[in-house]
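Take a look at the letters that make up each chain.
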Amino acid sequence: MKDIEIVYHFLDEAQTYYLATMEGNQPRVRPFGTVLLYDGRLYIQTGKIKDVSKQISINPHVEICAFKDGKWLRVAGELVNDDSHDVKVAMLEKMPSLAPMYSADDDNMQMLYFKNTKASLCSFVEETKTYHF
């Protein structure tokens, strides 16, 4: 399995991860649940009207962390905006609960993919595994 697939499956199974951004010199962390592996890229989703979107546009370097089965995954990288219709449709098909809030045709739904990414899978009892994509 490719590194990106290992990271995606962990995040998908964990269901909730925490996204950290910067607002000036203050870190901001919030729970997220949207994750999609599409066309060889790892995507997350938010709304362009949210503060998190504005923070990412100023500083695209982010980190996410998820916990599952006694292990935690930290994913650090840069987020890149992707306004393509197809990836929005794919996210809405995977997560139909987003449909009341977002549409592939609206100007608010924002798809972001990771680049220059390093992920670390950690636990208290096993050696850390590192993934790059």
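I will try to describe carefully the structure that is included in this document. (Residues numbered from 1 in each chain as written. Predicted model: local features only at pLDDT ≥ 70, side-chain atom pairs only at ≥ 80, totals over all residues. Heavy atoms only, no water.)

Turning our attention to the pairing of strand β1 (residues 17-23). Where β1 and strand β2 (residues 26-32) come together, seven bridges link them in antiparallel fashion. Along β2, the bridge assignment pairs Ala20 with Val29. The antiparallel pairing of β1 with β2 creates a hairpin that spans two residues between the two strands, and Gly24 there sits at a positive phi of about 70°. In this structure, β1 lies alongside strand β5 (residues 61-68), joined through four bridges in antiparallel fashion. (Pairing = 2+ DSSP bridges. Helix = DSSP H or I, 4+ residues; strand = E, 2+ residues; numbered from the N terminus.)

Inspection of every chain in the model, using the stated rule, returns nine salt bridges. Among the salt bridges present, the one from Arg74 reaches Glu63, with a minimum N-O distance of 2.7 Å. Taken as a pair, Arg74 in strand β6 (residues 71-82) and Glu63 in strand β5 lie far apart in primary sequence, eleven residues in all. Residue Glu63 is classed as partly exposed on the basis of its relative accessible area, which comes to 27%. One continuous salt-bridge network, built from bridges that share partners, spans Glu13, Lys68 and Asp69. (Salt bridge = Lys/Arg side-chain N within 4 Å of Asp/Glu carboxyl O. Buried < 20%, exposed > 50% of the residue type's maximum accessible area, 1.4 Å probe, protein only.)

Keep in mind these values describe shape, not function.
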